[in-house]
Amino acid sequence: MTHDVVALLERAPTLRGMTRALVQAGPELQVRAVAGGAVVQLRDGSGHMVAAVQAAQRLALSSEADRLLAEGIADDLPAQPWWVEARGTETGPGGADTAGAARGFAAALVAEFGGLVWEPERRLDRDDPLLTGATDHPAITRVTDRVALAVQDRPVVPLSTWLVDAVAEHAKEGRAFQLVTPSGSRITHALRSVLGNPMARWVARAPDSRYYDGFSGVPLAWNEEAGFVRDTTAAPEDVPHAAFRGAEENQGNQILVDLKVLNPADAGLRLGRSVEFLSQPLAGSVPALWGTGEPATLAWDTADLTALARERAPESSWFLFTGPPDALRTEPVRPFSGTLLVTRVSEGVKESITLAVGHPPDDEPDLSVLSALVEEFTSRGVLQTISVHRRTGRPDLGYEARRSGPSLPIGLGIGVEGVASIGSERALAAPVPAVPVGPPLTHAVWYRIGDGTEADSHERLRTLMAHLHPGGFPAARQRTGG
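Taking an unreviewed UniProt entry as the reference, the chain is identified by name as DUF6177 family protein belonging to Nocardiopsis tropica.

Given below as structure tokens:
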């Protein structure tokens with residue numbers, strides 16, 4: 001388990017000031033810089049890691065601290081404070097005072113550069129040896145041949161750069177990723193998108209000290225090789241776990257979009273424009289922030305995003321983005337968040353976009369804009385597929401390890417090339433009403449399955465997929481957003 005402390009600073013910390021704070025955190029500890037100096041580790045005399053500190057990040061909007069730490073925490077801070085995160089590795093009874101080291105470092109920084117220290121209240125009991133321990137990665141508590149286990153004890157668990165790095169590092173070794181949180185914690189949309197991967201699992205620890213899957217409620221038990229697996233000893237009446245059965249509070253609706261576009265690889269390509277075309281009609285705004293982890297530190301700028309993706313090419317680039325914060329949000333702008341994967345392929349540059357838009361209970365989503373979106377991306381000549389779902393959930397797009405209802409399909413769009421491979425006649429003769437989009441000989445198709453509330457909508461989608469592609473249609477398979 002890690003003990004996380006965040007220093008929100010009024011002024012940019014200097015290298016000398018960071019060094020002084022590290023010394024005050026543990027005069028007896030050894031300092032080691034890694035990742036090109038982006039992370040500094042504190043190790044004891046035997047070489048074990050006690051704590052790690054990330055380089056300071058300036059927030060483009062202080063609202064990110066409100067979103068990820070505590071509402072109103074940034075009220076007395078500058079509009080663009082500096083975020084410095086320290087992480088102690090809790091090793092159990094008799095281990096080093098890692099919490100004290102992280103806390104001391106943050107306090108020393110605030111004393112010199114102004115600001116405040118955020119530290120989460122403990123929710124997880126330290127009574128299970130699985131929850132304590134340390135590895136060579138600051139975010140990972142335990143490693144087996146098949147699984148890397150992270151434990152996060154904070155009210156809102158974001159997709160931090162620590163976790164991004166841990167997932168990538170252990171994926172190279174063929175390990176799955178599992179995250180343990182208290183059952184009362186919320187995860188962000190970006191983290192949910194990662195944990196929804198087949199090689200990942202969200203493990204919630206209930207107040208009765210038992211574990212269950214955060215998405216399904218299935219009871220889990222620890223396996224020394226495979227990590228947390230289904231608990232086959234659980235009684236039928238305990239499935240799902242009792243802590244999972246209570247519905248989330250403040251339930252509204254979430255519109256979930258999975259969009260794939262293929263752009264020509266020319267010098268004038270501006271990545272992220274498809275995100276804007278998608279978010280503007282569905283959420284009422286273009287994104288406000290973007291980044292490669294949370295907090296999202298950068299003001300939305302498609303030129304900067306494109307430059308970074310080109311710098312990383314031919315490797316893929318993955319980004320997250322969020323909408324304007326409450327203070328900057330006006331009607332009809334709604335909370336939204338999403339991810340963007342940029343991949344160089346032989347035909348051009350592919351953008352795989354997920355978008356989640358939150359609606360309060362009394363705000364019915366306007367689904368009439370969906371066909372216009374299909375027309376927009378078809379006219380630009382970039383549409384591959386678009387699938388749209390709806391589910392009940394928090395309007396702020398936080399997710400708790402509780403029952404939240406299924407994700408039900410609303411519609412499916414297939415681009416010109418997809419329709420050509422299926423055959424125009426077959427595509428238009430589908431068991432779901434088909435709307436051709438574009439010129440008669442080179443058209444896309446939009447299938448409106450329902451409004452995302454019908455109990456039989458999954459069966460309609462399965463029937464449609466069986467008609468379009470009897471062997472299955474991978475590009476548009478079922479769920480989006482985790």
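That was the structure; now back to the text.
**Student:** Which parts of the structure should I look at to understand the overall build of the chain?
**Tutor:** Scanning the chain for helices and strands turns up 12 helices and 27 strands. Against the compact-globule benchmark of 23 Å for 482 residues, the chain has a radius of gyration of 23 Å, which places it among compact chains. Each principal axis of the C-alpha atoms in the chain carries an extent, and together these give about 75 × 55 × 45 Å. Going through the 482 residues of the chain one by one, you find that 55% of them count as buried. Taking the intrachain contacts of the chain between residues at least 6 apart in sequence as the baseline, contacts between residues at least 24 apart amount to 68%. Roughly 20,400 Å² of accessible area belongs to the chain as shown, and the carbon and sulfur atoms make up 51% of that amount. Between the centroid of the 45 positive side chains of the chain and the centroid of its 59 negative side chains there is a distance of 3 Å.

**Student:** For this particular structure, what's the right way to read the side chain of Ser 317?
**Tutor:** You can see Ser 317 is positioned in strand 20 (residues 317-322). When residues no more than four places from it in sequence are discounted, the contact partners of Ser 317 are Leu 308, Ala 309, Arg 312, Leu 340, Leu 341 and Val 342.

**Student:** When you look at the packing of helix 1 (residues 15-25) against helix 3 (residues 98-113) in this model, what are you seeing that I'm missing?
**Tutor:** The relative placement of two packed helices comes down to the angle between their axes together with the axis-to-axis distance. Contact geometry for helix 1 and helix 3: axes closest at 8 Å, N-to-C directions at 140°. The angle between the axes of helix 1 and helix 3 places the two elements in the oblique class. For helix 1 against helix 3, the interelement crossing comes out right-handed. Contact residues: Gly 17, Met 18, Arg 20, Ala 21, Leu 22, Gln 24 and Ala 25 in helix 1; Ala 101, Phe 105, Ala 108, Leu 109, Glu 112 and Phe 113 in helix 3. Partitioned by chemical class, the residues of the contact of helix 1 with helix 3 number 9 nonpolar, 2 polar and 2 charged.

**Student:** Hey, could you run me through the sheet that holds strand 21 (residues 336-345) in this one?
**Tutor:** Within a sheet, each strand pairs with its neighbour through backbone hydrogen bonds, oriented either parallel or antiparallel. Spatially, 10 strands are ordered 19-18-20-21-22-17-23-25-27-26 in an open sheet, and the strand pairing comes out antiparallel. Either end of the sheet is taken by a strand with one partner, and the two such strands are strand 19 (298-299) and strand 26 (434-437). Its contacts with the sheet place helix 7 (residues 273-283) against strand 17 (252-263), strand 20, strand 21, strand 22 (348-359) and strand 23 (383-393), and it is angled at close to 20° to strand 22. The sheet strands contacting helix 12 (residues 457-468) are strand 25 (408-414) and strand 27 (444-448), and the helix crosses strand 25 at an angle near 25°.

**Student:** Sorry, what's going on with the environment of Ala 33 here?
**Tutor:** Relative to the helices and strands, Ala 33 is located in strand 2 (residues 30-34). Residue classification places Ala 33 among the exposed residues on the basis of a relative accessible area of 55%. The sequence separation of Ala 33 and Gln 54 amounts to 21 residues, and the corresponding C-alpha distance is 10.0 Å. Not counting the four nearest positions on each side in its chain, Ala 33 is found in contact with Val 39 and Val 40.

**Student:** For this particular structure, what's the right way to read the pattern of salt bridges?
**Tutor:** Side chains that differ in charge, positive against negative, can pair when their charged atoms come close. Counting across every chain of the model gives 23 salt bridges. Residue Asp 4 is joined to Arg 154 by a salt bridge in which the shortest nitrogen-to-oxygen separation is 2.8 Å. One end of the pair, Asp 4, is in strand 1 (residues 2-9); the other, Arg 154, is in the loop between strand 9 (147-151) and strand 10 (156-157), with 150 residues separating them in the sequence. A single burial state applies to Asp 4 and to Arg 154, both of which are buried. Taking the shortest distance from any N to any O, the salt bridge between Asp 153 and Arg 126 comes out at 2.9 Å. One end of the pair, Asp 153, is in the loop between strand 9 and strand 10; the other, Arg 126, is in the loop between strand 7 (115-118) and strand 8 (142-143), and 27 residues separate them in sequence. If you follow the salt bridges from partner to partner, you end up with Asp 4, Glu 85, Arg 87 and Arg 154 in one network.

**Student:** Looking at this model, I keep getting lost on the sheet that holds strand 16 (residues 227-230). Mind explaining?
**Tutor:** Ordered in space as 8-9-11-13-14-15-16, the 7 strands form an open sheet in which the pairing is mixed. Among the strands making up the open sheet, the edge pair consists of strand 8 and strand 16.

**Student:** Sorry, what's going on with the packing of helix 7 against helix 9 (residues 369-379) here?
**Tutor:** Two elements in contact, helix 7 and helix 9, have axes whose closest approach is 10 Å; the angle formed by their N-to-C orientations is 160°. The angle between the axes of helix 7 and helix 9 places the two elements in the roughly antiparallel class. Our pair here, helix 7 against helix 9, has a crossing hand that is right-handed. Side by side, helix 7 and helix 9 meet where Ser 274, Phe 277, Leu 278, Pro 281 and Leu 282 of the first sit next to Val 369, Leu 370, Leu 373, Glu 376 and Phe 377 of the second. Of the residues belonging to the contact of helix 7 with helix 9, the class tally is 8 nonpolar, 1 polar and 1 charged.

Conventions adopted
Residues numbered from 1 in each chain as written. Predicted model: local features only at pLDDT ≥ 70, side-chain atom pairs only at ≥ 80, totals over all residues. Heavy atoms only, no water. Helix = DSSP H or I, 4+ residues; strand = E, 2+ residues; numbered from the N terminus. Rg over C-alpha atoms; globule rule 2.2 N^0.38 Å. Buried < 20%, exposed > 50% of the residue type's maximum accessible area, 1.4 Å probe, protein only. Contact = heavy atoms within 4.5 Å. Areas by Shrake-Rupley, 256 points an atom, 1.4 Å probe, with all protein chains shown as cover. Lys, Arg positive; Asp, Glu negative; His and termini not counted. Charge placed at Lys NZ, Arg CZ, Asp CG, Glu CD. Axes fitted to C-alpha atoms, helices over the stretch in contact; angles between N-to-C directions. Parallel < 35°, antiparallel > 145°, perpendicular 65-115°, else oblique. Left-handed = near helix turned anticlockwise from the far one by under 90°. Nonpolar A, V, L, I, M, F, W, Y, C, P; charged D, E, K, R; others polar. Pairing = 2+ DSSP bridges. Salt bridge = Lys/Arg side-chain N within 4 Å of Asp/Glu carboxyl O.

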